[in-house]
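Fold and geometry: a report
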Amino acid sequence: MQLFSGVPGCKAEKLLYNVVYCKFFRYGVVLIRWDIFFLLWAGMMVFHLVTYFGSQYLEGKPHTVGGSLDERIPFHPGWIYIYSSWFVLLLGVPALLNIVAPELCLKYMLAHSIDQLLSNIIYLIYPTTFERPVPPKKGLTGFVIGTVYGANHRFLNCAPSVHCSVSFLFAFAALAAPMLPLWLRLVIVVWSLAIVASTMLVKQHMVIDAVTALPAAAVCWLLAGLVNFSSLAAKFS
């Protein structure tokens, strides 16, 4: 049954309309249906995992990266929690974008997937690795670092860092969404940059990995921008 005609007036009507129809009219946009959103997000993540870990079994002998600058960066195990918070933004950023700008949500997902494809092509052409320090053996921090290190036991696919390039995509998406409150955009940008820094402070990546991730993310964001998402987002609403 149609509860309201047109755009709801009062805040209570807007909230109820949003809950019942999964639409958001404050910014004059219609959400991508959440079932379709999660299906697209899950597909993006499957592609991410399959290409990232699958490419490691196709790569040749890796080249060791790292230099004097990396040696000057201290090992700070506590930053592993900032590093791990990447997974919060991995779902949180596209979900926020779906609420305020579905077109940006689709653009982010496409840029993320292009980034995976581009990065893994680079890994196949020029595989990279380096020697990580021994993580603490006791306490929660040691457990988390050991889990993160163990998840990529072959320890390849370093440059460009996908952890960093996707973090840059978080920042690009936030900066491209003026409909988000300024404070929230700043939180996402600072949070994303802190994650980039954490990759080097927990010795999960070297400086070159983070540096090369920035142009990789920029290229993927620009390529995704060539697609007109307005009509596509309407089809998914």
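Here we summarise the structure given alongside this text.

Quick notes on the rules
Residues numbered from 1 in each chain as written. Predicted model: local features only at pLDDT ≥ 70, side-chain atom pairs only at ≥ 80, totals over all residues. Heavy atoms only, no water. Phe/Tyr/Trp six-rings, centres within 6.5 Å; stacked < 30°, edge-to-face > 60°. Buried < 20%, exposed > 50% of the residue type's maximum accessible area, 1.4 Å probe, protein only. Helix = DSSP H or I, 4+ residues; strand = E, 2+ residues; numbered from the N terminus. Lys NZ or Arg CZ within 6 Å of the ring centre and 35° of its normal. Expected span 1.5 Å × (residues − 1). Contact = heavy atoms within 4.5 Å. Polar contact = N/O pair within 3.5 Å; in protein donor to acceptor, adjacent residues only side chain to side chain. Axes fitted to C-alpha atoms, helices over the stretch in contact; angles between N-to-C directions. Parallel < 35°, antiparallel > 145°, perpendicular 65-115°, else oblique. Left-handed = near helix turned anticlockwise from the far one by under 90°. Nonpolar A, V, L, I, M, F, W, Y, C, P; charged D, E, K, R; others polar. Patch = residues over 30% accessible without salt bridge, like charges linked within 9 Å, V, L, I, M, F, W, Y side chains within 5 Å. Areas by Shrake-Rupley, 256 points an atom, 1.4 Å probe, with all protein chains shown as cover. Salt bridge = Lys/Arg side-chain N within 4 Å of Asp/Glu carboxyl O. Core = buried A, V, L, I, M, F, W, Y, C linked by side-chain atoms within 4.5 Å.

Scanning the model with the defined rule gives 8 aromatic pairs in all. Pairing W86 with F87 gives two aromatic rings, centres 5.0 Å apart and planes at 85°, and the pair type is edge-to-face. Given a relative accessible area of 52%, F87 falls into the exposed group. For the pair F172 and W221, a centre-to-centre distance of 6.3 Å together with 55° between the ring planes defines the contact as tilted. With F172 in helix α8 (residues 162-175) and W221 in helix α10 (residues 207-224), the pair connects residues that are 49 residues apart, well separated along the chain. For W221, a relative accessible area of 10% gives the class buried. One aromatic cluster is present, formed by W34, F37 and F38 through successive ring pairs. Positioned above the aromatic ring of Y149, the side-chain terminus of R132 is 4.2 Å from the ring centre.

Okay, unusual backbone geometry next. Note that the residue after A159, namely P160, is joined by a cis bond; omega there is 0°. Here P160 is to be found in the loop between α7 (139-151) and α8.

The end-to-end C-alpha distance of α8, which contains 14 residues, comes to 20 Å, matching closely the 20 Å that a straight helix rising 1.5 Å per residue would cover. When you tally the buried positions in α8, you get 12 out of 14 residues, the bulk of the element. Summarising the contacts, the buried residues of α8 are in contact with α2 (34-54), α4 (80-84), α5 (86-100), α6 (102-125), α9 (182-201) and α10. One side-chain oxygen at the N-terminal end of α8 lies 3.3 Å from the backbone nitrogen of H163; it belongs to S161.

Turning to its location among the elements, V227 is positioned in the loop between α10 and α11 (230-235). A relative accessible area of 38% means that V227 is categorised as partly exposed. In the structure, V227 is positioned 121 residues away from L106 in sequence and 9.7 Å away in space, judged by C-alpha atoms.

Two elements in contact, α6 and α10, have axes whose closest approach is 8 Å; the angle formed by their N-to-C orientations is 130°. The angle between α6 and α10 falls in the class oblique. The chirality of how α6 crosses α10 is right-handed. Where α6 approaches α10, its residues L104, K107, Y108, L110, A111, I114, D115 and L118 are matched on the opposing element by A216, A217, C220, W221, L223 and A224. Here the contact of α6 with α10 is built from residues that sort into 12 nonpolar, no polar and 2 charged.

Judged by side-chain polarity, F47, L117, I121, I125 and Y126 come together as a nonpolar surface patch covering roughly 500 Å² of accessible area. The leading source of residues in the nonpolar patch is α6, at 3 residues. On the secondary structure map, I125 appears in helix α6.

Opposite charge on two side chains permits them to pair, given that their charged atoms come into close proximity. According to the stated counting rule, one finds 1 salt bridge in the structure shown. With its nearest N and O atoms 2.5 Å apart, the salt bridge here joins D35 to R33. Here D35 falls in the partly exposed class, since its relative accessible area comes to 45%. The partly exposed category is assigned to R33, whose relative accessible area is 42%.

The next point concerns the environment of P74. Here P74 lies in the loop between α3 (68-72) and α4. In this structure, the C-alpha to C-alpha distance between P74 and M200, residues 126 residues apart in sequence, is 8.7 Å. Look past the residues within four positions of P74 in its chain and what remains in contact with it is L201 and K203.

With respect to the helices and strands, the residue A194 is situated in helix α9. Taking the C-alpha atoms as reference points, A194 and S167, 27 residues apart in sequence, are found 9.2 Å from one another. Those residues in contact with A194 that lie beyond four places of it in its chain are W79 and I82.

The next subject is the nonpolar core. In this structure, L90, L97, Y108 and F170 are the most contacted members of the largest nonpolar core, which totals 48 residues. Of the residues forming this core, the biggest block, 9 residues, is contributed by α8. I80, I145, V148 and Y149 belong to the second-largest nonpolar core, a separate cluster that totals 7 residues.

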